[in-house]
Structures are given as structure tokens and as C-alpha cells.
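Fold and contact review
Residues per chain, in single letters:
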Amino acid sequence: MATLTNRVLTVGGGRVVEFTATGSDDVCARPALYAQSGWRAEPGVVGYLVRRRVFFKSFNDGGVTRARYRPLFVRFGARATLSALRWSRWNGSQAYGHGLLRLRSCSTSCRTPLSRYYRARVRLAVPWECQTQVRYLKLTVRLVGPVPAGIRRRYGERFGCL
């Protein structure tokens with residue numbers, strides 16, 4: 001058994017992590033048992049996790065929102081918006097939240113559009129490096145409760161790094 005320690009070094013303007021394996025447990029407590037065969041460390045793969053803030057940028061026929069961290073408002077589809085969003089999970093491989101889905105009943109040229117609101121669950125996925133920030137690129141919306149005829153209960157859309 002070995003204990004793995006690490007330290008971060010700056011080399012040539014970049015950061016490098018150095019790992020050191022130190023014998024522990026039985027090898028150190030009873031070294032005579034290992035005098036003939038010794039102990040060895042097998043080469044392995046070391047994974048790492050970098051914590052970065054993930055943003056989401058949305059758009060539709062009504063306009064564009066700038067990239068936001070835990071947005072309260074999201075545009076998607078031709079005329080749909082999500083508002084009053086509350087997020088229960090963020091910054092992972094997926095984000096989960098809920099809010100109100102607003103659907104406009106006519107095109108953007110309509111003078112007095114009728115809007116209907118529905119409770120919705122939201123999932124964002126596919127975090128991706130976009131310019132200098134990480135953004136979720138996939139949106140999935142699922143309506144909760146009764147759904148009128150002609151409206152799909154689930155909707156998904158992919159956003160690019162625009």
C-alpha cells in the first residue's frame with residue numbers, strides 16, 4: 001500500500017502537478033517481510049477534476065440572452081421562453097431546474113399575442129468550451145401537469161457556441 005501526495009508547480013509559465021507515492025501500512029510496519037520481493041507501484045492513470053463555472057446562452061425569434069450563470073430566463077424554440085427558473089443542480093455534466101414555460105399563440109408579428117404558462121422541468125447538458133467559458137449546449141424541457149392538445153410534453157434543442 002502507498003500514500004499518494006501531490007503538489008502544484010509552475011514550469012515555463014504553466015502549471016504542473018507532481019505526484020509522489022510513499023510506502024505505508026504493512027510495508028512500513030513490517031519491512032522484513034518484503035526484503036526479498038520489495039514492493040512496487042504499478043503505472044496507472046491519474047484523473048483530475050477542474051472546477052469551472054458553466055454558463056448558458058439562449059436565443060429565439062424574440063432575441064438573444066447573454067451567457068449567464070444559473071439564468072432566471074431562457075429563450076428557445078420559435079417563440080417560447082422559460083422564466084422564474086430555479087436550479088437544484090449546476091456546474092456538473094448536467095444542470096437541473098424548474099420554472100414556468102410561456103408559449104405565445106401567434107407569430108412575432110402578432111399585435112396582441114396570447115400567452116399561456118405551464119410548469120416545466122428543465123435539464124441542461126453537454127458542457128463545452130466556447131471561446132473563454134464553458135457553456136451547456138443542450139436544453140431539454142418537460143412539461144409538468146396537464147398539457148393541452150397539440151403541445152408536446154417534451155422538447156429538446158441544441159445551442160451552439162454563438
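Here's a quick rundown of the structure. (Residues numbered from 1 in each chain as written. Predicted model: local features only at pLDDT ≥ 70, side-chain atom pairs only at ≥ 80, totals over all residues. Heavy atoms only, no water.)

What follows concerns the layout of surface pockets. In this structure, the largest pocket encloses a volume near 280 Å³. What lines the largest pocket is a set of 16 residues, among which Ala80, Leu101, Leu103, Ile151 and Tyr155 lie closest to the centre. Only strand 8 (94-104), strand 10 (133-143) and strand 11 (154-158) provide two or more residues apiece to the lining of the largest pocket. Of the residues forming the lining of the largest pocket, the biggest block, three residues, is contributed by strand 8. Per-class residue counts for the lining of the largest pocket are nine nonpolar, two polar and five charged. (1 Å grid on protein atoms, 1.4 Å probe; cavity = no way out; pocket = protein on both sides within 12 Å on 5 of 7 lines; lining within 4 Å. Points joined across faces, edges and corners; volume = space filled by probe spheres on them. Helix = DSSP H or I, 4+ residues; strand = E, 2+ residues; numbered from the N terminus. Nonpolar A, V, L, I, M, F, W, Y, C, P; charged D, E, K, R; others polar.)

Within the structure shown, the criterion is met by two salt bridges. Where arginine 7 meets glutamate 18, a salt bridge forms, and the shortest distance between an N and an O atom there is 2.6 Å. Of the two residues, arginine 7 sits in strand 1 (residues 2-11) while glutamate 18 sits in strand 2 (residues 14-23), which places them 11 residues apart along the sequence. Note that arginine 52 is salt-bridged to glutamate 129, the shortest N-O span being 2.8 Å. Here arginine 52, found in the loop between helix 1 (26-29) and strand 3 (54-55), pairs with glutamate 129, found in strand 9 (residues 115-130); they are 77 residues apart in sequence, far enough to count as distant. A relative accessible area of 38% means that arginine 52 is categorised as partly exposed. (Salt bridge = Lys/Arg side-chain N within 4 Å of Asp/Glu carboxyl O. Buried < 20%, exposed > 50% of the residue type's maximum accessible area, 1.4 Å probe, protein only.)

With respect to the helices and strands, the residue threonine 81 is situated in strand 7 (residues 80-89). Look past the residues within four positions of threonine 81 in its chain and what remains in contact with it is Asn60, Phe73, Val74, Arg75, Phe76, Leu100, Leu101 and Arg102. (Contact = heavy atoms within 4.5 Å.)

If you walk through the whole model with that rule in mind, you get one cavity of 30 Å³ or more. Estimated volume of the largest cavity: approximately 30 Å³. If you go around the largest cavity, the residues you meet are Lys57, Phe59, Arg135, Tyr136, Leu137, Gly160 and Leu162. Per-element accounting of the lining of the largest cavity gives the leading share, three residues, to strand 10. Residues of the lining of the largest cavity, tallied by class, amount to four nonpolar, one polar and two charged.

On to the side chain of arginine 135, then. By secondary structure assignment, the location of arginine 135 is in strand 10. For the buried arginine 135, which has no salt bridge, the nearest side chain bearing the opposite charge is glutamate 129, at an N-O separation of 9.3 Å. A polar contact is formed between the side chain of arginine 135 and the side chain of glutamine 133, at a distance of 2.8 Å. Residues contacting arginine 135, with those up to four places away along its chain left out, are Val54, Phe55, Lys57, Ala67, Val126, Pro127, Trp128, Cys130, Cys161 and Leu162. (Lys, Arg positive; Asp, Glu negative; His and termini not counted. Polar contact = N/O pair within 3.5 Å; in protein donor to acceptor, adjacent residues only side chain to side chain.)

Residue position: serine 93 is located in the loop between strand 7 and strand 8. Apart from residues no more than four positions distant in its own chain, serine 93 is found in contact with Leu124, Ala125, Val126, Pro127 and Tyr136.

Further remarks concern the nonpolar core. Phe56, Phe76, Leu82, Trp90, Leu124 and Leu139 are the most contacted members of the largest nonpolar core, which has 21 residues in total. Going through the elements one at a time, strand 6 (74-76), strand 7, strand 8, strand 9 and strand 10 are the ones with two or more residues in this core. Setting aside anything within four residues of it in sequence, one finds leucine 82 in contact with Leu72, Phe73, Val74, Phe76, Leu100, Leu101, Ala120, Val122, Leu139 and Val141. (Core = buried A, V, L, I, M, F, W, Y, C linked by side-chain atoms within 4.5 Å.)

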